[in-house]
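# Survey of secondary and tertiary structure
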Amino acid sequence: MEIQHNFSLKKYNTFGIEAKAKQFVAVHSVQELKNVLEENKTIQKFILGGGSNMLFTKDIDALVIHIDLKGKKIIKENDDFVWVECQAGESWHEFVLWTINQNFGALENMSLIPGNIGTTPVQNIGAYGTEIKDTFVSCEAMTIASQEMKTFTKEECHFGYRESIFKNKVKNQYIITSVVFKLTKTNHKINTSYGDISAELARNNITNPTLKDVSNAVITIRKSKLPDPKQLGNSGSFFKNPILLKSDFQKIHQQFPEMKYFDISETEVKVPAGWLIEQAGFKGKRFGDAGIHKNQALVLVNYGNATGQEILNVSKDIQHTIFKMFGIHIEAEVNVI
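Residues numbered from 1 in each chain as written. Predicted model: local features only at pLDDT ≥ 70, side-chain atom pairs only at ≥ 80, totals over all residues. Heavy atoms only, no water.

## Some points on the overall build of the chain
Put simply, the rule reads: Secondary structure elements are defined from DSSP: runs of H or I of at least 4 residues count as helices, runs of E of at least 2 residues count as strands, and each element is numbered from the N terminus. The atom set for the radius of gyration is the C-alpha atoms, and the globule formula is 2.2 Å times the number of residues raised to the power 0.38. In what follows, a contact means two residues having at least one pair of non-hydrogen atoms within 4.5 Å.
When helices and strands are counted, the chain shows eight helices and 20 strands. A compact globule built from 337 residues should have a C-alpha radius of gyration of about 20 Å, and the chain, at 20 Å, falls within 12% of that. With respect to the principal axes defined by its C-alpha atoms, the chain has extents near 60 × 55 × 35 Å. Relative to all contacts within the chain whose residues are 6 or more apart in sequence, the contacts with residues 24 or more apart total 60%.

As structure tokens, then:
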């Protein structure tokens with residue numbers, strides 16, 4: 001393990017932002033991670049996974065530790081379920097495709113989400129009616145301060161909408177090294193309740209979809225809406241969909257009756273942030289090399305040489321305009337560094 005200095009992180013973040021790490025090292029095993037942490041106790045550290053949910057606005061004046069742990073294995077199974085452990089450095093999408101090829105169900109709706117396994121519990125990633133918490137069993141994590149290993153159960157992770165204990169209470173205290181998922185082997189619960197998925201299946205005359213059919217539909221939909229980070233720098237959805245109390249929403253809805261929304265409980269509704277951004281006229285707009293994607297208003301993009309600060313400025317302009325127009329605050333889903 002060689003620590004490199006003044007290291008470019010451009011290829012290590014999906015926005016393709018040029019930022020330098022004061023020091024950089026990639027670790028490929030739990031032991032290597034332990035050694036790096038032990039040998040650099042007094043140095044500030046920055047943990048980097050797939051770089052898919054962050055916006056660099058400055059150079060990183062720290063030791064950047066890139067988590068590159070690989071491997072997956074079945075640790076338990078019965079007639080109906082299988083428990084799979086996957087290392088933190090594995091690509092999420094590649095893992096989803098692997099589960100489908102094994103005929104293991106429950107992750108197919110989250111196909112093509114960028115990033116690595118280790119960061120999926122942090123965000124409680126989700127798409128098309130499913131979230132990590134639906135299949136998550138536990139994760140192993142190393143304590144940064146003491147290098148001790150700890151197992152976090154699903155209950156201990158306090159999952160919420162794009163939320164977990166790793167984003168608040170224990171932020172910057174642990175590094176997730178592996179995650180265990182419980183997947184179906186039989187009686188798969190195929191979820192095609194989202195209109196986009198059912199419409200895509202209907203276009204292909206599929207009435208009894210398999211796991212692969214659903215995954216393919218999701219991939220087609222995501223590719224039509226979301227740019228490939230390898231071709232156009234982005235981090236997927238930049239904003240969370242705002243959740244409002246029904247009492248507050250009803251007042252706004254009277255003023256904007258065409259506003260879309262989804263009931264999520266007896267007292268709350270979710271409003272699509274993309275719809276709000278589109279109504280505010282930002283969809284497809286470009287500000288130098290920073291902009292909003294033409295097919296999906298939730299996605300901010302780097303057309304080549306945008307700085308993180310320029311993209312952040314665009315996001316703040318959007319937030320300010322949405323609040324001024326609708327009285328709704330939309331929160332960034334991406335971690336701004």
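## Overview of the packing of aromatic side chains
Centre distance and the angle of the planes are the two values used to describe a pair of aromatic rings. To keep it simple, the criterion reads: Aromatic rings from Phe, Tyr and Trp, with only the six-membered ring used for Trp, were paired whenever their centres fell within 6.5 Å, and each pair was classed as stacked if the ring planes differed by under 30 degrees, edge-to-face if by over 60, and tilted otherwise. As a reminder, the over-ring test applies to NZ of lysine and CZ of arginine, requiring each to be within 6 Å of the ring centre and within 35 degrees of the ring normal.
What the rule picks out here adds up to 18 aromatic pairs. Pairwise contacts between aromatic rings join Trp92, Phe95, Trp98, Phe104 and Phe181 into one cluster. The lysine or arginine in question, Lys76, covers the ring of Trp83, its NZ or CZ lying 4.2 Å from the ring centre. Against the face of Tyr303 rests Arg286, its NZ or CZ located 4.1 Å from the ring centre.

## Some details on helix α4 (residues 195-203)
The criterion, for reference: Think of it in three bands: residues with accessible area under 20% of the maximum for their type are buried, residues over 50% are exposed, and the middle band is partly exposed, with areas taken using a 1.4 Å probe on protein chains only. Starting at the helix axis, one direction is taken to each C-beta atom, and the arc is that of these directions.
Within the span of α4, buried status applies to Ile197, Glu200 and Leu201. For α4, the buried positions fall inside an angular range of 100 degrees around the axis, keeping them on one side. The inward-facing, buried residues of α4 abut α5 (211-225).

## Structural notes on the pattern of salt bridges
This is how the line gets drawn: For this document, the term salt bridge refers to a Lys or Arg side-chain nitrogen within 4 Å of an Asp or Glu carboxyl oxygen.
In the structure shown here, the tally under the stated rule is 16 salt bridges. Close ionic contact of Glu18 with Lys20 constitutes a salt bridge, the shortest N to O distance being 3.8 Å. Of the charged contacts, one joins Glu131 and Arg162 as a salt bridge, the two residues approaching to 3.4 Å between their closest N and O atoms. In this pair, Glu131 sits in strand β9 (residues 130-131) while Arg162 sits in the loop between β11 (149-153) and β12 (174-184), placing the two residues 31 residues apart along the sequence. Taking relative accessible area as the criterion, Glu131 reaches 17% and is therefore assigned buried. Among the ionic contacts, a cluster of salt bridges with common partners joins Glu131, Lys133, Asp134, Arg162 and Glu333.

## A closer look at unusual backbone geometry
The phi dihedral of Asn6 falls on the positive side, at around 50 degrees, and the residue is not glycine. Within the secondary structure, Asn6 is located in strand β1 (residues 4-8).

## What to know about the layout of surface pockets
Put simply, the rule is: Cavities and pockets are defined on a 1 Å grid built over the protein atoms alone: a cavity is a set of grid points where a 1.4 Å probe fits but cannot escape, while a pocket is an open set with protein on both sides within 12 Å along at least five of seven lines, and lining residues are those with an atom within 4 Å of any such point. Grid points are joined across faces, edges and corners, and a volume is the space filled by probe spheres set on the points. Lys, Arg, Asp and Glu make up the charged group, whereas Ala, Val, Leu, Ile, Met, Phe, Trp, Tyr, Cys and Pro make up the nonpolar group; the residues left over, Gly among them, are polar.
Within this model, the second largest pocket holds a volume of roughly 960 Å³. Surrounding the second largest pocket, 38 residues form its lining, Thr14, Pro114, Asp228, Pro229 and Lys230 being those nearest its centre. Secondary structure elements with two or more residues in the lining of the second largest pocket: α2 (92-101), α5 and β13 (233-234). Looking at the lining of the second largest pocket residue by residue, the classes come out as 10 nonpolar, 18 polar and 10 charged.

## A few points about a nonpolar patch on the surface
Our working definition: A patch consists of residues exposed above 30% relative accessible area that lack any salt bridge, with like charges linked at up to 9 Å and nonpolar side chains (Val, Leu, Ile, Met, Phe, Trp, Tyr) linked at up to 5 Å. Here the open area of atoms and residues is found with the Shrake-Rupley method and a 1.4 Å probe, where only the protein chains shown may cover a residue.
Judged by side-chain polarity, Ile243, Phe262 and Ile264 come together as a nonpolar surface patch covering roughly 260 Å² of accessible area. Structurally, Ile264 is set in the loop between β15 (262-263) and β16 (268-270).

## Here we look at helix α1 (residues 30-39)
Taken as a whole, α1 has its buried residues at Leu33, Val36 and Leu37. Viewed end-on, α1 has its buried residues packed into an arc of 95 degrees, placing them on one side of the element. Packed against the buried residues of α1 are β2 (20-27), β3 (45-48), β5 (60-67), β10 (136-143) and β12.

## Focus on the pairing of strand β7 (residues 81-87)
Where we set the bar: Strands are treated as partners if at least two bridges between them are detected by DSSP.
Taken across its seven residues, β7 has six buried, putting it largely inside the fold. The pairing of strand β6 (residues 72-77) with β7 spans five bridges and is classified as antiparallel. In the strand pairing of β7, Lys73 is matched with Glu85. Hairpin connection between β6 and β7: a loop of three residues separates the two successive antiparallel strands. Bridge count between β7 and β12: seven bridges; the pairing is antiparallel. For Val84, the partnering residue across the bridge sits in β12 and is Phe181.

## Digging into the side chain of Gln319
Using the following cut-off: Pairing of N or O atoms within 3.5 Å defines a polar contact, subject to two protein rules: one partner must be a possible hydrogen donor and the other a possible acceptor, and residues neighboring in sequence count only if both atoms are side-chain atoms.
Relative to the assigned elements, Gln319 resides in helix α8 (residues 308-326). Relative accessible area serves as the criterion here: at 18%, Gln319 is assigned to the buried category. One polar contact links the side chain of Gln319 to the main-chain carbonyl oxygen of Ile330, over a distance of 2.9 Å. When neighbours within four sequence positions are excluded, Gln319 is seen to be in contact with Phe239, His329, Ile330, Glu331 and Ala332.

## Side note on the nonpolar core
The nonpolar side chains of a soluble globular protein tend to be buried with one another. Inclusion rule: What is meant by a nonpolar core is a set of buried Ala, Val, Leu, Ile, Met, Phe, Trp, Tyr and Cys residues, joined one to another through side-chain atoms within 4.5 Å.
Counting residues in each nonpolar core, the largest one holds 45 residues, and the members touching the most others are Met259 and Ile318. Those elements that provide at least two residues to this core are β2, β3, β4 (54-55), β5, α6 (246-255), α7 (273-279), β18 (290-292) and α8. If one sorts the elements of this core by residue count, α8 sits on top with six residues. Not counting the four nearest positions on each side in its chain, Ile318 is found in contact with Phe239, Ile277, Phe282, Ile292, Leu300 and Ile330. Formed by 36 residues, the second largest nonpolar core is a distinct cluster that contains Val96, Ile117, Ile165 and Ile176.

## Observations regarding the environment of Asn208
Locating Asn208 in the fold gives a position in the loop between α4 and α5. The exposure class assigned to Asn208 is exposed, which follows from its relative accessible area of 68%. Sequence separation between Asn208 and Ile190 is 18 residues; the distance between their C-alpha atoms is 9.4 Å.

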